[in-house]
Amino acid sequence: MKQQLRVGVIGCGAIGKEHLRRLTDVVPETIVTGVADYFLPAAQSAAEMFHCTAFQTGEDLIASPDVDAVVVTSADPSHAAYVLEAIRHKKFVFCEKPLAQTAEECQQIIAAEQAAGKKLVQVGFMRRYDRGYMAMKHAISSNEIGAPLMIHAAHRNMSQAPGFETDYAVTRVAIHEIDICRWLLDDEYATAQVLGVRQSSRTSGEWLNPQIMMLTTRSGQRIDVEVQTDGAYAYDIQCHVVGEDGIVSLPDPTSVTKRAAAAIHTPLMTDWKDRFIEAYDIEFQEWAKSLLNGAPTGPSAWDGYVACVTGDALIRSRQTGKPEDIVLPEKPEMYQ
Ligand code: NAP
């Protein structure tokens, strides 16, 4: 029989349930053996649905001899502690973004992983597995558009859960653009800035919406990201990389085009779960295969750290009104 990885999932909310279904139905290399959630009935109901054990705590799940690898899909503030605990047990851990709440916590994770002497951590930047972004990356790295000069990107959301805050536009939303743009350009950031813009009357709370985020890279490229966190016409992700010889653009997801009533109509998506469903599937298939081969090959703790440092600089710039420098220590050998 094919070797299988026994996986435990901490956090049985929206994406936790999606990943449980994915690990059960879409990834033949994984079997879910345990779940945990702050709210025990949520874990019990998931355990019933996916025929596995409901652990009292995330720590119990991590320590279990029936769990080879851990998936962290709990709320943002809990991520770092679970990742550190998994590393302490020398277990592989997939952590949904963000890796941690602060750059300092990310550094602790990097230090722990290096002390363990083995790559154990992968961060959930699933866009790197989206076929559109992968095709863009291929076109850029094979010099099809010449030297890349700039990126124009947009992240538009229709709504947010109650309790959303201005900073979450960076830490929960634009964090995907922060990761994907440096991956596409294969460069690190130099500065970050948030620009003000006329505010949307469609925002359902008190946070700033939209925001424009500007990044520069060490080689001088400029990235502008329009972030609409609420009230947009659809869940719409746009990305255009402008090179010296041409442009590559993220394709829209495939959908039926209707011609009727003297018009052409193409529906757009409304939900992130549907927009990146295939990317999440490929992300977990690749994760499982890489672990069975000995180590994760996807976005690393270093990538989680850089996203956090960049996010901090963006948030700082909203307060200072100026571009903020992004200063990184030398990248450890493990992440080269
Ligand atoms: P959610 O629906 O609120 O689910 C989170 C679940 O984790 C809830 O059941 C919550 O229980 C539980 N929880 C909270 N703190 C916990 C802790 N310390 N230990 C165990 N369980 C805990 O949120 P979500 O939308 O699924 O998001 C979960 C994580 O995934 C977030 O970090 C988010 O940023 C990330 N995410 C990533 C993507 C992506 O595109 N990659 C998309 C969506 C979400 P209570 O309800 O009792 O607090």
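In the nomenclature of an unreviewed UniProt entry, the protein chain corresponds to Inositol 2-dehydrogenase/D-chiro-inositol 3-dehydrogenase from the organism Butyricicoccus intestinisimiae. Turning to the protein chain, the UniProt annotation filed under Sequence similarities (unreviewed entry) states: "Belongs to the Gfo/Idh/MocA family." Looking at the Function (unreviewed entry) heading of the UniProt record, one finds this comment for the protein chain: "Involved in the oxidation of myo-inositol (MI) and D-chiro-inositol (DCI) to 2-keto-myo-inositol (2KMI or 2-inosose) and 1-keto-D-chiro-inositol (1KDCI), respectively."

Chemist: How should the UniProt feature "domain: Gfo/Idh/MocA-like oxidoreductase C-terminal" (unreviewed entry) in the protein chain be read in this particular structure?
Modeler: With numbering aligned to this structure, UniProt lists the feature "domain: Gfo/Idh/MocA-like oxidoreductase C-terminal" (unreviewed entry) at residues 137–323. A distance of 27 Å separates the end C-alpha atoms of residues 137–323, which is 34% helix and 25% strand.

Chemist: Mind showing me how you'd approach the nonpolar core here?
Modeler: The nonpolar side chains of soluble globular proteins are, as a tendency, buried together. Among the nonpolar cores identified, the biggest contains 102 residues, and Val35, Val121, Tyr133, Leu184 and Val241 are the most heavily contacted of them. Per-element tally for this core: the top contributor is helix H7 (residues 168–185), with 11 residues. Other than its neighbours up to four places away in sequence, Tyr133 contacts Arg127, Ile180, Trp183, Leu184, Ile237, Cys239, Leu250 and Phe276.

Chemist: For this particular structure, what's the right way to read the pattern of salt bridges?
Modeler: Charged atoms that come close allow side chains of opposite charge to pair. Under the defined criterion, the tally for this structure stands at 21 salt bridges. Across the pair Asp281 and Arg22 runs a salt bridge whose closest N-O atoms are separated by 2.6 Å. Residue Asp281 is found in helix H9 (residues 277–292), and its partner Arg22 is found in helix H1 (residues 14–25); the two are separated by 259 residues along the sequence. A salt bridge links Arg128 to Asp179; its shortest N-O distance comes to 2.7 Å. Pair noted here: Arg128 is in the loop between strand E6 (121–123) and helix H6 (131–141) and Asp179 is in helix H7, with a separation of 51 residues, a long-range link. Taken as a pair, Arg128 and Asp179 share a single burial class, namely buried. Look at the salt bridges and you will find they share partners, linking Arg128, Asp179, Arg182, Glu188 and Asp303 into a network.

So, how was this worked out
Residues numbered from 1 in each chain as written. Predicted model: local features only at pLDDT ≥ 70, side-chain atom pairs only at ≥ 80, totals over all residues. Heavy atoms only, no water. UniProt positions renumbered as here; feature names shortened; annotations may be inferred. Helix = DSSP H or I, 4+ residues; strand = E, 2+ residues; numbered from the N terminus. Core = buried A, V, L, I, M, F, W, Y, C linked by side-chain atoms within 4.5 Å. Buried < 20%, exposed > 50% of the residue type's maximum accessible area, 1.4 Å probe, protein only. Contact = heavy atoms within 4.5 Å. Salt bridge = Lys/Arg side-chain N within 4 Å of Asp/Glu carboxyl O.

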